[in-house]
Amino acid sequence: MKHYTNHSLKELHTFGMDVRAAHLVEYASVDELCALLEKLRGEWKELPYLHIGGGSNLLFASDSYAGVILHSAIVGKEIVLEDEETVHLRVGAGVVWDDLVAYCVSQGWGGMENLSLIPGEVGASAVQNIGAYGVEAKDLIVSVATIEVATGNVRTFTCDECAYGYRQSIFKGELKGKYIVTHVTYRLQKHPVYHLDYGNIRAELERMGGEVSLESVRRAVISIRESKLPDPKVTGNAGSFFMNPVVPRGVMEHIRQDYPHMPFYEVDAEHVKIPAGWMIEQCGWKGRAMGRVAVHDKQALVLVNLGGATGDEVMALSDAVRSDVKEKFGIDIHPEVNFIQ
Ligand code: EPU
């Protein structure tokens, strides 16, 4: 177990603020996690704690965190079941997500390629139900192994028990803070089924020569993402800052009377999802700065730290954007990013 005190989180979260944590603890096994949880129940019981992954969905309000930051360094991948069609791969929560995608693509196992280049780690993929280009983590997850914070007991959730929805799971909802993910088991396909109809994947594949393979889909997704999303190593950001609102179909039809070209995605018979980035752009925010923070000029769903910004400045921009979207379209949009006070 690695323990650091008064440690900067600048390199551990993608918004790039120089937040100092009273304690940062990195554990590399389930036993180490259990020992750490005992300490949180004992010596450290007065301190708040926060479990982070790749830090790609976090915004700290101030420049210090007077508690314990936990980070998983549980790594490793193990095939737990294999047949003619599928491979079930059990992966440590601390594995970098995109390293896993690259590995599966290199093995010829399909399923994750549309989720290429999403920042973060395996543990968060199961908590956040990460998604892109028509695929979500829940489509691949077989089960999620966890440790219960209160008892240190192991509990494995089936995919159904995780209650997945759009960027939602039981670990963010009803059981928030109660379980820590240690391993995730994914189902991958030996005969890949491609999902190419979302966004401009097909157009990008054509541009690259038309070949359809796991490698080419991965390259196309990486190329689209790199063209729209800022590199956090250069410009602090947390990917999509807001979730796309899911609204009743009637709301979308009403807005489309004035904006016939508004894009939307089907959710179910009664609901559709409207891209918040489109609405933010219509409000004139795309590329606009407010002090040291701005709405990204290539993708309005992303807020960027232009350098030296505080979490409160980002939230002030978020509030201004939300209020304009509400005024123009009558729709509330909500941050996807976790705001840590
Ligand atoms: N759009 C605009 N203006 C903008 C941004 C988007 O008009 O500034 C329009 C686009 O033209 C398109 C639609 O909105 O018609 C959707 O845009 P895009 O495909 O870029 O995706 P998104 O809905 O804005 C979501 C995810 C992304 C994911 C992409 C691709 C959420 C919160 N975000 O964004 O995930 O990569 O779809 O599947 O669901 C993330 O979560 O950090 C993330 C990057």
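Heads up: these notes are all about the structure in this document.

Conventions adopted
Residues numbered from 1 in each chain as written. Predicted model: local features only at pLDDT ≥ 70, side-chain atom pairs only at ≥ 80, totals over all residues. Heavy atoms only, no water. Helix = DSSP H or I, 4+ residues; strand = E, 2+ residues; numbered from the N terminus. Rg over C-alpha atoms; globule rule 2.2 N^0.38 Å. Buried < 20%, exposed > 50% of the residue type's maximum accessible area, 1.4 Å probe, protein only. Contact = heavy atoms within 4.5 Å. Areas by Shrake-Rupley, 256 points an atom, 1.4 Å probe, with all protein chains shown as cover. Lys, Arg positive; Asp, Glu negative; His and termini not counted. Charge placed at Lys NZ, Arg CZ, Asp CG, Glu CD. Near = heavy atom within 4 Å. Polar contact = N/O pair within 3.5 Å; in protein donor to acceptor, adjacent residues only side chain to side chain. Nonpolar A, V, L, I, M, F, W, Y, C, P; charged D, E, K, R; others polar. Pairing = 2+ DSSP bridges. Axes fitted to C-alpha atoms, helices over the stretch in contact; angles between N-to-C directions. Salt bridge = Lys/Arg side-chain N within 4 Å of Asp/Glu carboxyl O.

## Quick word on the overall build of the chain
The helix and strand inventory of the chain stands at 8 helices and 20 strands. Taking 2.2 N^0.38 as the reference for a compact globule, 341 residues should give roughly 20 Å; the C-alpha atoms of the chain span a radius of gyration of 20 Å, in line with that estimate. Split into buried and exposed, the 341 residues of the chain put 47% on the buried side. Sequence-distant contacts, at least 24 apart, represent 60% of the contacts inside the chain between residues at least 6 apart. Accessible surface for the chain amounts to roughly 15800 Å². Of this, 49% is attributable to carbon and sulfur atoms. Distance from the positive charge centre (33 side chains) to the negative charge centre (45 side chains) of the chain: 3 Å.

## Description of the site of the ligand
Within the structure, the ligand sits among 25 residues, and Y133, Y166, R167, E281 and A300 are positioned closest to it. Residue Y133 places a main-chain N or O atom 2.6 Å away from an oxygen atom belonging to the ligand. One of the side-chain N or O atoms of R225 is found 3.2 Å from an oxygen atom in the ligand. Relative to its unbound accessible surface of 810 Å², the ligand loses 83% to contact with the protein. Per-element tally for the shell around the ligand: the top contributor is helix 7 (residues 276-282), with 3 residues. Taken together, the residues of the shell around the ligand break down into 13 nonpolar, 6 polar and 6 charged.

## Topic: the sheet that holds strand 19 (residues 302-305)
The sheet built from 4 strands is open, its strands ordered 13-19-18-17 with antiparallel pairing. Across the chains shown, the open sheet's two edge strands, defined by having one partner strand only, are strand 13 (236-240) and strand 17 (289-290). Inspection of the sheet shows strand 17 paired to strand 18 (residues 293-295) by 2 bridges, in the antiparallel sense. The partner of A289 across the bridge, within strand 18, is A294. Packing of helix 8 (residues 311-329) onto the sheet brings it into contact with strand 17, strand 18 and strand 19, and relative to strand 18 it is tilted by some 35°.

## So, the pattern of salt bridges
Here the structure, examined in full by the defined rule, presents 11 salt bridges. Among the ionic pairs, R292 bridges to E313, the shortest N-O distance being 2.5 Å. One end of the pair, R292, is in the loop between strand 17 and strand 18; the other, E313, is in helix 8, and 21 residues separate them in sequence. We classify R292 as partly exposed; its relative accessible area is 38%. You can call E313 partly exposed: its relative accessible area is 21%. Within the structure, one salt-bridge network assembled from shared partners comprises E136, K138 and D139.

## Some remarks on the environment of H195
Tracing the sequence through the fold places H195 in the loop between strand 12 (179-189) and helix 4 (201-207). As for H195 and V217, which are separated by 22 residues in sequence, their C-alpha atoms are 9.1 Å apart. Among residues more than four places away in sequence, those in contact with H195 are N114, Y133, V135 and I201.

## Considering unusual backbone geometry
The phi torsion of most residues other than glycine is negative, and most of the peptide bonds are trans. The residue A163 is not glycine, and still its phi comes out positive at about 50°. Here A163 shows up in the loop between strand 11 (154-158) and strand 12. Here A163 falls in the partly exposed class, since its relative accessible area comes to 47%. Within the chain, R167 stands out as a residue other than glycine whose phi angle is a positive 55°. In this structure, R167 sits in the loop between strand 11 and strand 12. Judged by its relative accessible area of 14%, R167 is buried.

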